[in-house]
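Structural overview for review
For reference, the chains in residue letters:
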Amino acid sequence: MRLDAITLFPDFLRQCADVGVVGRARERGLLQLETWNPRDYATGKYRRVDDRPFGGGPGMLMLIDPLRACIDAARAAAAGVDAEPAPLIYLSPQGERLTQATVRRLATMPRLLLLCGRYEGIDERLIAREVHKEISIGDYVLSGGELAAAVLLDAIGRLQEGALNDADSAAQDSFEDGLLDCPHYTRSDTEGTAGIPDVLLSGDHAAIRRWRRQQSLGRTWLRRPDLLARAQLDNDDRALLDAFRHEWLASQAKNES
Ligand code: 9D3
């Protein structure tokens, strides 16, 4: 898959694409990132990339002409990669909230253009004409779109076929089945095995699998009831969750007294 990012801070995104699983995906040729800087398409002595909004008020917008030239150049550079023009995604607080379902869909595309805004954003006419989809990564205020693009790059990159090794299998991930992960424990010279649930030390792999599933269900019930409401649970899951609820409610009652 090829990603083209339009950004005033190309170094930041390039560095994000160099580390960890995504860096490895790039080395394996599964993912390609190209960056395009509107500054390189700005004119005049100062190569300005910002401008004041019509109607006045505080804050600046990205200057429309360098941005359009930059988008055109990015599009032209990858024309011929496939027949359809690559969709342009604008990372913006006004966008649809990013979910793993969207990530999965985007990860199957041969090519995507990502537009990172700075200042207060971009001219609405540019959105209307050039942008296929606006995406937000959550309800908090960032200072620009680069971190959001890095989130998308990371989430998409690790899903490329061959990016993950068996050890970090995507199938076991939290959110792949809509549930939170179970607790994990590892060896410690200083802690020994204190505080580790007995079942994990028992060697009974069927019991371990059941315990982990129960913890996933229970934690999702406690922490993310919104996810639990949408999860597909079978009869075994419901029995495990009922038992978890019972134990948890009993332990709460004991703490009350
Ligand atoms: C006057 C109101 N503006 C500043 C508080 C609104 C505003 C403009 C530009 C708020 C944030 C930004 C920059 N944010 C992004 O470019 C952005 C973003 C975000 O802030 N939160 C979550 N997802 C995203 S995706 C891009």
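See the structure above.
Residues numbered from 1 in each chain as written. Predicted model: local features only at pLDDT ≥ 70, side-chain atom pairs only at ≥ 80, totals over all residues. Heavy atoms only, no water.

**Some thoughts on helix 8 (residues 205–223)**
It helps to recall that an α-helix has 3.6 residues per turn; residues three or four apart then point in one direction. Taking 1.5 Å as the rise per residue, helix 8 with 19 residues should run 27 Å; its terminal C-alpha atoms sit 27 Å apart, in good agreement. For helix 8, the set of buried residues is Ala207, Ile208, Trp211, Gln214, Gln215, Ser216, Leu217, Gly218 and Thr220. Elements in contact with the buried residues of helix 8: helix 7 (198–201), helix 9 (225–230) and helix 10 (235–256). (Helix = DSSP H or I, 4+ residues; strand = E, 2+ residues; numbered from the N terminus. Expected span 1.5 Å × (residues − 1). Buried < 20%, exposed > 50% of the residue type's maximum accessible area, 1.4 Å probe, protein only. Contact = heavy atoms within 4.5 Å.)

**Some thoughts on the packing of helix 8 against helix 10**
The contact between helix 8 and helix 10 brings their axes to 9 Å, and the two run at 65 degrees. At the point where helix 8 passes helix 10, the crossing takes the right-handed sense. Here helix 8 contributes Arg210, Arg213, Gln214, Gln215, Leu217, Gly218, Arg219, Trp221 and Leu222 to the contact with helix 10, which in turn contributes Asp237, Leu240, Leu241, Ala243, Phe244, Arg245 and Trp248. Looking at the contact of helix 8 with helix 10 residue by residue, the classes come out as 8 nonpolar, 3 polar and 5 charged. (Axes fitted to C-alpha atoms, helices over the stretch in contact; angles between N-to-C directions. Left-handed = near helix turned anticlockwise from the far one by under 90°. Nonpolar A, V, L, I, M, F, W, Y, C, P; charged D, E, K, R; others polar.)

**With respect to the sheet that holds strand 2 (residues 32–36)**
The 5 strands are arranged 2-1-6-5-7 in an open sheet whose pairing can be described as parallel. A strand with exactly one partner marks an edge of an open sheet, and here the two such strands are strand 2 and strand 7 (133–136). Sheet twist, expressed as the average angle between the axes of neighbouring strands with direction ignored, equals 35 degrees. Bridging between strand 1 (residues 2–6) and strand 6 (residues 111–116) involves 5 bridges; their strand directions are parallel. If you follow leucine 3 over to strand 6, its bridge partner there is leucine 112. Lying on the sheet, helix 4 (residues 100–107) is in contact with strand 5 (88–97), strand 6 and strand 7; it crosses strand 7 at an angle near 135 degrees. Lying over the sheet, helix 6 (residues 146–157) contacts strand 1, strand 5 and strand 6, oriented at roughly 160 degrees with respect to strand 6. (Pairing = 2+ DSSP bridges.)

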